Each structure stands twice: as structure tokens, then as C-alpha cells.
Amino acid sequence: MAKRTMEEARELDRQDSLKDFREEFYIQPETIYMDGNSLGLMSRRAEQALIGLMDSWKAHGINGWTGGDRPWFYLPEELSAKMAPFVGAKAEEVIVTGSTTSNLHQILATFFRPEGKKTKILADELNFPSDIYAIKSQLELRGLDPELHLVSVKSRDGHLIEEEDIISAMSDEIAVAILPSVLYRSGQVLNMPALTEAAHRHGILIGFDLCHSVGAMEHDLHDWGADFAFWCTYKYLNGGPGSTGGLFIHERHFGAAPGLAGWFGSDKEKQFDMEHDMTAAVHAGAYQVGTPNILSMAPLAGSLELFAEAGLGRLREKSLKLTRFMMDLVDQELDGHGFRVANPREDGRRGGHVYLEHEEAARICSALKAEGVIPDFRAPKGIRLAPAALYNSFEDVYETIRILKKIMDEEAYKKFENKRGIVA
Ligand SMILES: *Cc1c(COP(=O)(O)O)cnc(C)c1O
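Treat the numbers as computed from the prediction; the structure is a model and nothing was measured.

Trainee: What should I look at first to understand the sheet that holds strand E12 (residues 376–378) in this one?
Mentor: Consider a sheet: its strands pair through backbone hydrogen bonds, and that pairing is either parallel or antiparallel. Here 4 strands make up an open sheet; going across it, the order is E9-E10-E13-E12 and the pairing antiparallel. Each having just a single partner strand, strand E9 (340–341) and E12 make up the two edges of the open sheet. Direction of pairing for E12 relative to strand E13 (residues 382–385): antiparallel, over a ladder of 3 bridges. Bridged to Phe377 within E13 is Ile383. The strands touched by helix H12 (residues 312–333) are E9, strand E10 (354–357) and E13; relative to E10, the strand with the most contacts, the crossing angle is about 25°.

Here it is, written out as C-alpha cells:
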């Protein structure tokens, strides 16, 4: 392979048709942000959308629910229509609501119906802890012991989950399968259409956690036939800390009574009739609970515009080039320094970040931060580096690896303790 160089990085940046989007973001001087998969950066559009919302509160008070430029009563549905293309859904199949975890609770409360011998939930042992907590608590609410009723597919190597292992675990005792689209550590993309088809052959409902794929790649949830999906909007979608999450319910399930009911799940025409018998909406909006977190969804109105302009296809193409460039540089520059690239190398199986493992990962991350590079440490020895296609450049990637090499050559990480901070 030809040596990869800074000149090449600059040339790739010159040719990059998405390069102007970087100007839309607040990028701190002297820093290289490689953590867009944990919390995306703030864009000017997101900021303007939030300010606009604050102004409507200032100007209209209560009348902002139905008046002003962006009536709050309809904001979740307005944003859902904009969000639907991100996951390959019809507008009515998506609702911007809740958080990843609360949306998973809603899905299980609604669709997990243990019956006869179909009483188990299938997940994987590398899943994000919050998803597992939600699944276990939902089992416990039905009086089912998680030790017996949570089937957890094992990883062969501690990083990847083989689709064939998931499919082998799809017994006729499984009622629902909950899996990630992209594994949060190794960045492995699961084959969602194949898993959906296999689940349905076994009479299993299947749903995906899209936290690490939404905004990073395209999805076709409707056509794949997935039953449901849920995600956050503060990672690649840059909605801001705690921004409102998303929920997809395939239209074939419309009309299913919400397991966790609340008045914002009502048919909007009927909501203010104030009846004690709920008339639920007949679309994904039925699975909203209380008053929408309007201020936490406002930035999305601006942020989603940027994605619509850039196009997910172009973003994914650039993202794959960025992570390829990074892996090549790791191989070229860091050989002999004890790193292992633990994400899948194939384009089709690789999400939006590179995942390195190193025994000294915690303090290497501290040393990177001291040099202005913001990585994402995952205990005990993972370093996630996410070059975001909307605002990172090839030069950022080159610089990140150059600085990492300097830290290793000079053993600068030894100045730090090898332990994690409270948020890591
Ligand atoms: C980020 C993330 C979460 C976070 O859940 P919240 O309810 O948004 O706090 C859950 N699952 C996965 C896979 C994640 O990556």
C-alpha cells in the first residue's frame, strides 16, 4: 500500500464535496473533535432553531402551542417527517419523543406479550447496558426471571457478534429480539435485513437500537420490515445534550394500544376533549407519553436541515473514507506500539468510528486530550475515534494519528494515571 501522507490528506479535503459543512459548526480552536459519536458538535443552525423556539415562548406564551412560526403542538410530528428519511420509514412510522431507553421501555411495554412458551427476549452480550437494564426490568415487571428469560448471544472474540450466532439463538421461545444496528464499542454493523427476515421466519418481533447508525448511514427500516427501532439524536445527529430521541413503529403495528399510555399519544383532534377513555393516534405518535420536551427537540429542526442538504449517501461515503484513512495511518504509524484495531475492517461491516484497544487506553486518552484531541475512552481499554463526516476533515484524521504517535514515541501518556473519569 502507498504511504499515506499529510499532502494526501489535504488533497482529499480539497476534493471533498462536503467540506463547506464544517463552517456550519462551532469548532474550538486548537482542538480536533473525534467524539461526534458520543455528543455531536453544535451547529449554527441548531443554535438558531433553539433561539427561535425561545423567542416564540417569549412572544406568545401559551399561544405558542398553536401559534407562531413553529407551533409546539405539532413540532414532534413536524420533526418526525424530517427524521423519517434517516431511517427509511414513512413519516407516520416515526415519532420524535423520549430517549433511547424510555423508547425501548415503550416498545417492550407495548409489544412484548409473553404467551405459552414464547416468553423470552433475545439480545446480545455486547449490547449497551441501558438497553439491557430496560429489558431486564420489563421481564421483572411481568414476573419473569431475567436469568431465564433474557437470552444473550455471546461474542466469539469479545468485539463482534456473528449474525449466524444470533440466528441460531432464535428459538420458538423468543418473543422479541432487541439488537443494535452498530455495536457501540467495536462499531460493527449488523445485517439488519437478514436478521429481520430470520426473526420473522421464527415468529419473533425484532427491533433495532440505532444510536450508533442514525445520521452516520442509511437505513431501510420499512422495506426491511423491522417491527420497531429507537435511537438518540445527540450523537451523529448533533441535537445537543439530552436532545429528544426517536421511535419507529412499522405501520403494520399501527393501532396497537400503547403499553405506557399518556395524553400526548392521543389523536390530536381528540386530545383536548379531556375524555378518560383515550383515543390513541393511529400512527407512531400514539407512543408518546406526556408533554413533548420542546426545548430539547428544537435544535434538531436546524440540525436535520444540514443532513438533508448533505445527503446520507454522500456522508456515509465520506465517513468510510475517513475511517479507512485512519486505519491505514494506524497500521503505518503505530506499528509496535501495542494498539489493536478492533473494529471490522470491511466497509460493509464498519460503522462511523474506529475502535482501538490498548492496555494503557485510559491514560493515552488523557494525553490526547492534553494535546487538544478529543477521543472517547471506553473502559477498560478501548479508544473510540469518530471522524464525523459533516465536520471533520482528512487533515483532522492525519493530525490525530500524528499526535497519537508522538504521545507513544515520547511516552507522554505516562504522566497520567491509567484510570477513567466519572463520565467515560
Ligand atoms: C447512547 C446509547 C444509549 C443511551 O440511551 P439514552 O436513553 O439516550 O441515555 C442507549 N443505547 C445505545 C446503544 C447507545 O449508544
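Trainee: Looking at this model, I keep getting lost on the layout of surface pockets. Mind explaining?
Mentor: Approximately 240 Å³ is the volume found for the second largest pocket. Around the second largest pocket, the lining is made up of 16 residues, and of these Met42, Gly239, Gly240, Pro241 and Pro299 lie nearest the centre. Counting only elements with at least two residues in the lining of the second largest pocket, the list comes to helix H2 (44–60) and helix H11 (294–310). A total of 4 residues in the lining of the second largest pocket trace back to one element, the largest contributor, which is H2. Here the residues of the lining of the second largest pocket sort into 9 nonpolar, 6 polar and 1 charged.

Trainee: Please clarify how helix H3 (residues 75–87) should be interpreted in this entry.
Mentor: Two residues of an α-helix separated by three or four positions point the same way, owing to the 3.6 residues in each turn. If you check H3, its first and last C-alpha atoms are 19 Å apart, about what 13 residues at 1.5 Å a residue would give, namely 18 Å. Where H3 bends most, the angle comes to about 35°, and this point is Ala81, followed within four residues by the proline Pro85. By the burial criterion, the buried members of H3 are Leu75, Pro76, Leu79, Ser80, Met83, Ala84, Phe86 and Val87. Against the buried residues of H3 lie H2, strand E2 (94–96), helix H9 (221–224), strand E7 (228–231), H11 and H12. Two residues or fewer after H3 comes Gly88, characterised by a positive phi angle close to 70°.

Reading the values: rules and limits
- Residues numbered from 1 in each chain as written.
- Predicted model: local features only at pLDDT ≥ 70, side-chain atom pairs only at ≥ 80, totals over all residues.
- Heavy atoms only, no water.
- Pairing = 2+ DSSP bridges.
- Helix = DSSP H or I, 4+ residues; strand = E, 2+ residues; numbered from the N terminus.
- Contact = heavy atoms within 4.5 Å.
- Axes fitted to C-alpha atoms, helices over the stretch in contact; angles between N-to-C directions.
- 1 Å grid on protein atoms, 1.4 Å probe; cavity = no way out; pocket = protein on both sides within 12 Å on 5 of 7 lines; lining within 4 Å.
- Points joined across faces, edges and corners; volume = space filled by probe spheres on them.
- Nonpolar A, V, L, I, M, F, W, Y, C, P; charged D, E, K, R; others polar.
- Expected span 1.5 Å × (residues − 1).
- Bend = angle between axes of the 7 residues up to and from the residue.
- Buried < 20%, exposed > 50% of the residue type's maximum accessible area, 1.4 Å probe, protein only.

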